[in-house]
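A look at the structure
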Amino acid sequence: MSERAAGSIFDLGYRRYEGRRLGRRDAVLALYVHGLRASFGLGRRTRSKIFPIGLAIVAAVPAVVQIMIASLGAEGLDIFRAEDYYFYIEIILVLFVAVIAPELLGRDERHATLSLYFSRGLSRSEYAWARYGAMATALLALTLLPQAIMFLGNALVGDSFTGYFKDEWRQIGPIVAAGVLISLFLASIGLIIAAQTPRRAFATVGILAPFLLLTFISSALVSNIDNIVGRLGIFLNPLAVMDGFTRWLFNAESDGGPLMEAAFAGGWYFAFALALATIAVALLLRHYQRRSL
Amino acid sequence: MPLIETRALTKQYPGVMALNALDISVEPGVIGLVGANGAGKSTLIKILLGLLPPTRGTASVLDMDVRTEGRAIRDLVGYMPEHDCLPPDLSATEFVAHLAQVSGLPRVAARERTAETLRHVGLYEERYREMGGYSTGMKQRVKLAQALVHDPQLIFLDEPTNGLDPAGRDEMLDLVKRTGREFGIAVLMSSHLLGEIERVCDSLVVIDGGKLVRSGEVAEFTATLGSLEVEVEGDAAALAAALIERGFEARGEGFVAHVGLNGDDPYDAIRDCIVAMEMGLVRLEQRRQSLEDIFRPESAEAVRERV
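Residues numbered from 1 in each chain as written. Chains lettered and ligands numbered in written order. Predicted model: local features only at pLDDT ≥ 70, side-chain atom pairs only at ≥ 80, totals over all residues.

**Some remarks on the confidence of the model for chain B**
Detailed reading of the predicted coordinates is not advisable wherever pLDDT falls low. All names here are of chain B. Of the residues in chain B, 91% have a pLDDT of 70 or more, and the chain-wide mean is 88. Within the model, the stretch residues 297–307 combines pLDDT values under 50 with 14 contacts to residues more than four positions away or in other chains. Confidence estimates for the predicted assembly give a pTM of 0.84 and an ipTM of 0.88. (pLDDT = per-residue confidence, 0-100. Contact = placed C-beta atoms within 7 Å.)

Structure below.
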C-alpha cells in the first residue's frame, strides 16, 4: 500500500497540456530559426559546422586584408571596395549555396521528416517560406557581415572615425540593398535546384555546374557575337547579373569584362534578378504545394 | 458526434482504386484499422489528416471536413508515420522539442513537454544521444513521442509495431493502450495483425481492397462467440449438467466448466447452481474468442463446437 502511494508521487502520470498555444507566425518562426541554425551546423556535430562557418570566414578575408592595409597607414589605398566585394567572393557565395541549400531541403526529403512537418498545422507554403528565409538570412552572414567588418574597420583604423563616417555613409544604403538582394537572389536559385533531388551530392553538383558553365557560355556569347543576341547572353550568367545590379546600386561603372561589353543599363540586371528570384520562389512554393506524401 | 466519419469516401489513383466508397463512423476510443498490406490503410489515414484530397465522397475528423479544414484538424491531431522519419544526427530531445514548437508550443513549454513525453514513452538518458544510433524500438518511441508532444485530441498511428521484435511489440502495444486509456487521447491505429488490434482496441474497422469489410466494437465481434470459464471446488461436470438443464451451453471436466455466452446472461444461473450444489467458486473468467478466429470462419466453427 505504502509502496503504491510512493509510486504515485513520483509518477505523475500523463498530464494534458493546458499552457499557451502560439499562432502560425511563431510556428513558422521556429522552423525558420531551426533552419538558420542548421545552415551553420549549430546544434549538430563539428563536421556539419566546418564548411558553412569556414566559407563564412573565407568570405570575410578580403575585408580583413583591406583593414590591415588601411591600418598600415596607406591613406586612401582601397584594394577592396564595397561595390567590388561580391565580385571577389562570388565563388565563395556559390559554394555556400551549393552546400547549404541541399542541407536545408534535402535532409527533410532524405529522412522523410517532411511528413512530420506537413502533418502539423504548418502549411506547405509556410514551410517553403521558412526555408527560403533561413537560406537567405544565412547568406547575409557572407554578404553583409564582411561589408560591415570592412566599413567599421576602415572607419576605426582611419584618422577620424566620424570623418570616415561622414564621407562614406552614403555607401551604407547600397551595401545593405545589394547584400539583401544578392542573398534573396542566390537563395531562390539554390533552393529551387536543391528541391529537385533528395541526394545531397546531386543537388550540390546541380547548383555548382550551371553557375560555372553558364559563366563560360555567357562570356563566350557576349565576346564573340557582336549583336543584341550575343549581348543578351550576359543574362545567362547569374553571377554577371549579380555584379550588374550591384554596380547599379552603388552607381559604379563596370571596369571591363563581359559586363562592359554587353553594355546594358544596370537597372535591367536589377529587374532581371528580381524577376528570376520571384519565378524561382513561385516554383518552390508550387513544388511543395504539389508534393504528395 | 462521431470521432471520424466518412461517406462514400473514394480515392482513385491512376489504375488503382485505393479506397472504394468507404462508409465509416467511429466513436472516440482506441480504434483499430485492420487490413492486409495495400488494403488502403495508409491512404485512409492520409486523407483523414487532410494530406491527400479524396477523389469522391466526404470525410470528417473531430467534426471538421478534411477537404476544407485540414489545417485545423492537423492542429488537433498527432501522426506517427509508418516509415522512418527521424534525422540521424539530432538527439531525440532536440528533434521532438523542435516539432513541438512547430506545433505552436512556446519554447520553454516545448522543452518541458518533450522531456515529459519522452519519459512517458520510456526514453530516458538515451534521449540526449543522436538518433542515428537508436534501435528500432527506440525510434518507434520517438515517433510516438513526436505525435503526442503537443497534446493532441487524437493520434493516428500507422503500423506502430512495424519492425519490432516480440518484446518491443508488447511494449509498444502497451504504450498505445495507455495512451488511449490513461492519457485520454483517442487513437486510430493501423495494423495488419488482428491479434494486436484485439489486445489494445475498443473498436475495429476492417478494410480490404479499399472496401469496408466490417466495423464495430471489438467486444461485439467477440462476445457472441465468447464463453465463461468457471473454476470450482467440486464436480465441474455436475455443474455443467445443471446448467444445461437450465438451458445453457455448458461443458465440465475436473474443476473447470465452460459456459457459453450465446444465450441469456448465465451469471445468475451459475451463482444459483453453485450455491445449490454447495460448491466453492474459485474463478470466473470470460474467455473471448480471438478476432482471428472470427475472420477465419472454419476455425470459429471449430471453437464453437468445443464449447
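**Observations regarding helix α11 (residues 238–250) of chain A**
Residues and elements named next belong to chain A. Relative to the 18 Å expected for 13 residues at 1.5 Å per residue, α11 spans 18 Å between its end C-alpha atoms, a close match to the ideal helical length. Of all the positions in α11, only P238, A240, V241, M242, D243, G244, F245, T246, R247, W248, L249 and F250 are classed as buried. Of the surrounding secondary structure, the elements contacted by the buried residues of α11 are α4 (82–110), α8 (172–194), α9 (200–224), α12 (258–262) and α13 (266–290). One or two residues past the end of α11 sits N251, with phi positive at roughly 55°. (Helix = DSSP H or I, 4+ residues; strand = E, 2+ residues; numbered from the N terminus. Expected span 1.5 Å × (residues − 1). Buried ≥ 20, exposed ≤ 12 C-beta atoms within 10 Å, placed from the backbone.)

**Looking at the interface of chain A and chain B**
Every contact between the two is made by 30 residues of chain A and, on the other side, 30 residues of chain B. Looking at the side of chain A that touches chain B, the elements that each hand over two or more residues are α2 (24–39) and α5 (114–118) of chain A. In terms of residue count, the dominant contributor to the side of chain A that touches chain B is α2(A) (five residues).

**As for the sheet that holds strand β5 (residues 64–65) of chain B**
All names here are of chain B. The antiparallel open sheet is built from four strands, whose spatial order is β2-β1-β4-β5. Two strands lie at the open edges of the sheet, namely β2 (16–26) and β5, each paired on one side alone. Alignment of strand β1 (residues 4–13) against strand β4 (residues 56–61), held across five bridges, turns out to be antiparallel. If you follow I4 over to β4, its bridge partner there is V61. Here helix α1 (residues 41–48) sits on the sheet in contact with β1, β2 and β4, set at roughly 115° to β1. (Pairing = 2+ DSSP bridges. Axes fitted to C-alpha atoms, helices over the stretch in contact; angles between N-to-C directions.)

**Brief notes about helix α4 (residues 107–120) of chain B**
Residue and element names in this part refer to chain B. Counted at 1.5 Å a residue, the expected span for α4 with its 14 residues is 20 Å, and the 20 Å between its end C-alpha atoms agrees. Turning to α4, its buried residues are A110, R113, T114, T117, L118 and H120. End-on view of α4: buried residues confined to an arc of 145°, all on one side of the axis. Turning to α4, the residues buried within the fold contact α3 (92–102) and α5 (136–148). After α4 finishes, the residue G122 shows a positive phi value of roughly 85°. (Arc of directions from axis to C-beta.)

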